[in-house]
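Here are the chains, one letter per residue:
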Amino acid sequence: MRHGRAFWAIHRHRIPDRNHETLGQLQQAGQLEILPARLERLRQVGNRVEARWCRRGQASREEGWFDLVVNATGPEAHYERSRDPLLHQLFAAGHVRAHPLGMGLDATPAGALRGADGAISPGLHSLGAPMQGVLLECTAIPDIRRAAERLAGALWQDPVSYTHLTLPTICS
């Protein structure tokens, strides 16, 4: 699924022609290199970045030093690996779980998040990229806008369900 997801994203989310031309010029000038690879490590030392990656279809690792590294793959799909304190605590408390395909969070198609036991976590919903495992097509602004409208409508219809929600504290 990891490989198919990358190819889908490349073909689904194209950049404007003008930006494409600029990137082509930078590549021709030797100022930009785009690598089909999996980034394994980044380490900042002073004003430079050391990177380690594995090119697509290769077993060997490569390393290099750069002034700037742009990871254009989008958000991390494996939210259980996140260093974000809120996500970390939601996982630790069992309020959320990863989608079985490793693409975002497990949820209903309407966005209600599932806890570690598979049951709906009352009052916890998601939109956009965390829903990729469930919806696949959910990261374009029109998709997120429609999902937000549906969620707002549902919350408006049943506001009492969300007044008693206890979330983990992320500040100590």
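The paragraphs below set out a description of the structure included in this document. Residue numbers restart at each chain and count upward from 1, following the sequence in its written direction. For this predicted model, a pLDDT threshold of at least 70 governs which residues receive local features, and a threshold of 80 or more governs which side-chain atom pairs are given and counted, while totals over whole chains, interfaces and linings are taken from all residues. Heavy atoms from the whole structure form the basis of all side-chain values; hydrogens and water molecules are not counted.

The next point concerns the pairing of strand β3 (residues 62–66). If DSSP finds at least two bridges between two strands, the strands pair. The helix count covers DSSP runs of H or I at least four residues long, the strand count covers runs of E at least two residues long, and both are numbered beginning at the N terminus. Relative to β3, strand β2 (residues 48–55) is paired through 5 bridges, and the arrangement is antiparallel. Counterpart to W53 in the pairing with β3 is E62.

Bringing the sheet that holds β3 into the picture now. The strand order across the open sheet formed by 3 strands is β1-β2-β3, and the pairing between neighbours is antiparallel. The sheet terminates laterally at β1 (37–45) and β3, the two strands that pair on one side only. In this sheet, adjacent strand axes meet at a mean angle of 20 degrees when their direction is disregarded. Across 8 bridges, the pairing between β1 and β2 is antiparallel. Along β2, the bridge assignment pairs Q44 with V49. Fitted lines through C-alpha atoms serve as axes, helices being fitted only where they are in contact, and the angles separating the N-to-C directions of these axes extend from 0 to 180 degrees.

The next point concerns the pattern of salt bridges. One speaks of a salt bridge when a side-chain nitrogen belonging to Lys or Arg is within 4 Å of a carboxyl oxygen belonging to Asp or Glu. Taken as a whole and assessed by the stated rule, the structure comprises 10 salt bridges. Close ionic contact of R41 with E63 constitutes a salt bridge, the shortest N to O distance being 3.4 Å. Remark: E63 occurs in strand β3 and R41 occurs in strand β1; sequence separation between them is 22 residues. A salt bridge links R146 to D143; the shortest N-O distance between them is 2.8 Å. Of this pair, R146 and D143 both sit in helix α5 (residues 141–157), separated by 3 residues, roughly a single helical turn. Assessed through its relative accessible area of 39%, R146 is described here as partly exposed. Bridged by salt links that share partners, the residues R41, R43, E50 and E63 form one connected network. In this scheme, a residue with accessible area under 20% of its type's maximum is buried, one over 50% is exposed, and one in between is partly exposed, where area comes from a 1.4 Å probe on protein chains only.

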